[in-house]
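Remarks on the overall topology
Here's the letter readout for the chains.
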Amino acid sequence: LACVLTAATGASSGGGGAPGRYSAVGGADGRAPAAAGSKARAQRPPGPTVLHATTVTAPVGDLSRKVRAALEASDSDFKTDFDPTPPRPLKINLDLLNWRARELSNAATRAEVLEKNAYYASRRDSRQTGQSPANSADAGGRSSARRSGFQSATGPDGGSEEGGVESAAQLRDRALSLYTQATSLDPLDGRAWLALARDASKRQRDAGAAEALLRAGLAHEGQNAHLLQSLGVLLEQARGDVAGALRAYRSALVADPRHAASLVALGNLHVKSGELADGLRYLERAVSAAPRNEVTWHALGIAHMRLALSGSPPAMAAAAEQISKSSLNVVVSAQILRNRQRQEEERKGGEGSGGGGEREVALPLSQADAAAQSSLAIAAEYLTRATELAASSSVCWAGLGAVESARGRLAAADNAYRRAHRCAPNNCRVLLAWAGVRAARGDVADAAALRKRALKLRPDDGALYTSDASARLAQAPSANEVEQLLSYAYETSQFAKSFSFSTYLASVGGSNEALIASDPRVAVEDDPYVTRRLQALEAAQTAKAAASAAKVARIAALASAQEMLESGCRNAPKHLPCYQLLALVQAASGDVPSARRSFQRGIWADPMAGAQAAYIWHAWAYLEEGEGDSARAADYMRRAAAADPTSPAVLRSWAELTMRRGDVDSAARLYELAIARAPLSDRLADAHARFLSRATMTGALSQSEASSARARAADARARGEAAGAAR
């Protein structure tokens, strides 16, 4: 026992070096105990060895449980003075246990991917050969498990008694068992709690179980910043509890003010909530806390990109504050300038109608444009730094590609996405974004090939189907373009049919006696009248052919998109956007009953989907209003608001629908509810101003009522700004 203590501390009380934290003396003569080994045992004097009365101070966590139990159970007069805190296992034991569980979990993830690929391959083979995919899927699962890197163990460590290869489920069960064992050995170690909660949230889709696990870990160690940050992410993303997430993030920062993950999460939450200055401040603190971590640079770069693309005056003001931090000299893009000018004209139009005169743009147009471009340039600079820190991170390269695409530098964006694909060849989101850039560069065939490759990798990813269908629709003429071409073809045809000699004289401006005397029916080919009439007929035929081709192309695109979306609904039955887009495509094709059925299928697929279900009810309401059933449209808007109570956009649409139905008072109340939920939204404020202007012009609201409504909206905005400043 004394040798064990000596080995644990590196020195004994009688040794020559620095004294250890534990000391013991042994032997009848009081000498230091000999080193462990056969030679020491040979030199040991005969008779029993007695440990003399010695005091040992053992702080918690420094002494193995087995050593402590042996000391306490010793029948000698060995006295101890232990820390009253319950003992904990040695840190290296916990490290090894967590490492083994993590390796098993990674092996299970690899095995799941291989088994899924084998399953889809067997499905393709069965369609070609007509054979049932069951046998080939089993064989594929066995081969994928062999390639996962783990074989089942025999004996008492939880492995299979038969030996052989373990499946992904068996590997996952063993990993979870080890994590559970770690929580039992030392509940103060948060790593196992985090792993169990992550498995419950991401793999089992059970947010309640994940929250219970995190709170169980916090019950033992309430100042664990990692557990608090994970709880905040869960509350924000799975529960929609923004206030609870803010409390969790701030508690994590109280426990560890330099916890980079909490700073990033809190900064992103402020940016999403429109509190741009606060978001940038927290993200800059994250970069200062972890300057060698690519995640912090990536988060800060993406935040600057969101600022630039938001187009709101507060965003431009926040971006302008960052101009001095960068030495980049940015030229304003003409395209963004046109967009800002259009937004400015729309805003001034709203003011002219009596709505938005109270609010002012924080920056002049040119300065806002320069701020947007500078923010994009800074975002590219930060994301470039992230790629330098982690050259193998597909997330960083994809973020850089998104920023370069927003700047209009498609060649740089294409190169960034190529690097991201090289880092993660099976990342479908990278392939999808890369396809968008290739399509923007005019390489439609390559873009289609990239989307096809992504679908082959993940045939159960519904977002790939909606993206492919949207790309097919974008390549075809829109409904307005087809309508304009048809209208032009009709007008040209009517002009050619009604073209007469007097029409020709009117078109050339004046009369000519020689032309009047001539007979158009026997005119020669070089007669100006005949030439003009032939040009009119040719123009009519060209316009008719163009309109017909555009109509055919649109019908074909709608049919192709519908087929793709039907496949997406079959392979990803829980992906509600597939049903929503399918219904819209069917409605555009004129098949309204099928569109209603698709909307209903989407609601039945996941009635508790929250925002996704609200989108379906929202689109369905517009369909019913277009069909003339405003009462049903209002009922569906009410259901959309019930599905996502936090969405101001749904309330705004509901208010506009109520306004069109003639109930101005209810529309005003709905607008006030929307403003209460998003008091800093400029888009909502502009829509409310236009609503009050229309209601005043039609006499539905008096000037005093409209002024009171504007004052209440201004007060709500002031309270929101004050709350943001207080935070």
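The residue count restarts for each chain, going from 1 along the sequence in the order it is written. Reporting in this predicted model follows two pLDDT cut-offs: at least 70 for local features of residues, and 80 or more for side-chain atom pairs to be given and counted; totals over whole chains, interfaces and linings ignore these cut-offs and use all residues. In computing side-chain values, all of the structure's heavy atoms are included and hydrogens and water are not.

This brings us to the overall build of the protein chain. Counting secondary structure elements, the protein chain contains 33 helices and two strands. To sort residues, take the accessible area from a 1.4 Å probe on protein chains only and compare it with the maximum for the residue type: under 20% means buried, over 50% means exposed, and anything in between is partly exposed. Within the protein chain, the fraction of its 727 residues that count as buried is 41%. In the protein chain, the proportion of contacts linking residues at least 24 apart, taken out of those at least 6 apart, comes to 58%. All accessible areas in this document rest on Shrake-Rupley with a 1.4 Å probe, and a residue is counted as covered only by the protein chains that are shown. Carbon and sulfur atoms make up 53% of the accessible area of the protein chain, which totals about 38,100 Å². Helix numbering and strand numbering both begin at the N terminus, where a helix is a DSSP run of H or I of at least 4 residues and a strand a DSSP run of E of at least 2. Residues count as neighbours in contact if any of their non-hydrogen atoms are within 4.5 Å of one another.

With that out of the way, let us pick up the pattern of salt bridges. Put simply, a salt bridge is a Lys or Arg side-chain nitrogen that is within 4 Å of an Asp or Glu carboxyl oxygen. Counted by the stated rule, this structure contains 29 salt bridges. Taking the shortest distance from any N to any O, the salt bridge between Glu 211 and Arg 239 comes out at 3.1 Å. Here Arg 239 lies in helix α9 (residues 225-239) and Glu 211 lies in helix α8 (residues 207-220), a separation of 28 residues in the sequence. You can call Glu 211 buried: its relative accessible area is 15%. Classification of Arg 239 by relative accessible area gives partly exposed; the value is 44%.

Let us now look at helix α32 (residues 682-698). For α32, built from 17 residues, the straight-helix expectation of 24 Å at 1.5 Å per residue is met to within 8% by its first-to-last C-alpha distance of 25 Å. What α32 keeps buried is the set Asp 682, Leu 684, Ala 687, His 688, Ala 689, Phe 691, Leu 692, Ser 693, Ala 695 and Thr 696. Expected span of a helix, by definition, is 1.5 Å for each gap between consecutive residues, and there is one gap fewer than residues.

Let us look at the layout of surface pockets. In this analysis a 1.4 Å probe is tested at points of a 1 Å grid over the protein atoms alone, and where it fits but cannot get out there is a cavity; an open set with protein on both sides within 12 Å along at least five of seven lines is a pocket; lining residues have an atom within 4 Å of a point. Grid points are joined across faces, edges and corners, and a volume is the space filled by probe spheres set on the points. There is about 920 Å³ of room inside the second largest pocket. Forming the walls of the second largest pocket are 18 residues, and the residues nearest its centre are Ser 201, Lys 202, Leu 234, Gln 237 and Ala 238. Breaking the lining of the second largest pocket down by element, the ones donating at least two residues are α7 (190-203), α8 and α9. By residue number, the principal contributor to the lining of the second largest pocket is α9, which donates seven residues. Classification convention: Asp, Glu, Lys, Arg as charged; Ala, Val, Leu, Ile, Met, Phe, Trp, Tyr, Cys, Pro as nonpolar; all other residues, Gly among them, as polar. By residue class, the composition of the lining of the second largest pocket is nine nonpolar, six polar and three charged.

On to the environment of Pro 425, then. Structurally, Pro 425 can be placed in the loop between α18 (410-423) and α19 (428-440). The class of Pro 425 is partly exposed, set by a relative accessible area of 44%. Here the alpha-carbon distance between Pro 425 and Ala 454, two residues 29 residues apart in the chain, equals 9.8 Å. Residues contacting Pro 425, with those up to four places away along its chain left out, are Leu 431 and Leu 457.

Residue-level confidence of the predictor, termed pLDDT, takes values from 0 up to 100. Confidence in the prediction for the protein chain averages 75 pLDDT; 69% of positions are at 70 or higher. Note on residues 151-163: pLDDT under 50 across the span, and 20 contacts to partners over four residues away in sequence or across chains.

Note that His 688 resides in helix α32. Beyond its immediate stretch of four places on either side in the chain, His 688 contacts Tyr 671, Ile 675, Ala 709 and Ala 713.

This paragraph deals with the nonpolar core. Phe 599 and Phe 691 are the most contacted members of the largest nonpolar core, which has 84 residues in total. The element that contributes the greatest number of residues to this core is helix α28 (residues 611-626), accounting for eight residues. When near neighbours in sequence (up to four residues on either side) are disregarded, Phe 691 contacts Glu 656, Met 659, Val 664, Ala 667, Ala 668 and Tyr 671. Here, nonpolar core means buried Ala, Val, Leu, Ile, Met, Phe, Trp, Tyr and Cys residues that are tied together by side-chain atoms lying within 4.5 Å of each other. Counting residues in each nonpolar core, the second largest holds 40 residues, with Ala 200, Val 264, Leu 269 and Leu 307 among its members.

Between the rings of Phe, Tyr and Trp (Trp by its six-membered ring), a pair exists once the centres lie within 6.5 Å; its type follows the angle of the planes, with under 30 degrees stacked, over 60 edge-to-face, and the other angles tilted. Tallying each qualifying case throughout the model produces six aromatic pairs. Centre to centre, the rings of Trp 617 and Tyr 636 are 5.2 Å apart; their planes meet at 45°, and the pair counts as tilted. Placement of Trp 617 in helix α28 and of Tyr 636 in helix α29 (residues 630-643) is noted, with a sequence separation of 19 residues between them. Both residues of the pair, Trp 617 and Tyr 636, belong to the buried class. Members of the aromatic cluster, joined through ring pairs, are Phe 599, Trp 617, Trp 620 and Tyr 636. Each ring is checked for a lysine NZ or an arginine CZ that lies within 6 Å of its centre and within 35 degrees of its normal; such an atom marks a charge sitting over the ring. When the ring centre of Tyr 282 is taken as reference, the NZ or CZ atom of Arg 281 above it lies at 5.6 Å.

For α9, spanning 15 residues, the distance from its first C-alpha to its last is 20 Å, which sits close to the expected 21 Å at 1.5 Å a residue. All of the buried residues in α9 are Ala 225, Leu 227, Leu 228, Gln 229, Leu 231, Gly 232, Leu 234, Leu 235 and Glu 236. If you follow the buried residues of α9, they end up packed against α7, α8, α10 (242-255) and α11 (260-272). N or O atoms within 3.5 Å of each other form a polar contact, as long as, within protein, one can give a hydrogen and the other can take it, and as long as residues adjacent in sequence are counted only when both atoms are side-chain atoms. Here α9 starts with a cap whose side-chain oxygen sits 3.0 Å from the backbone nitrogen of His 226, and that cap is Asn 224. In the segment just after α9, Gly 240 is the residue with positive phi, at about 70°.

Attention now goes to the environment of Ala 609. Structurally, Ala 609 can be placed in the loop between α27 (592-605) and α28. For Ala 609, a relative accessible area of 23% puts it in the partly exposed group. The spatial distance from the C-alpha of Ala 609 to the C-alpha of Ala 643 is 7.8 Å, given a sequence separation of 34 residues.

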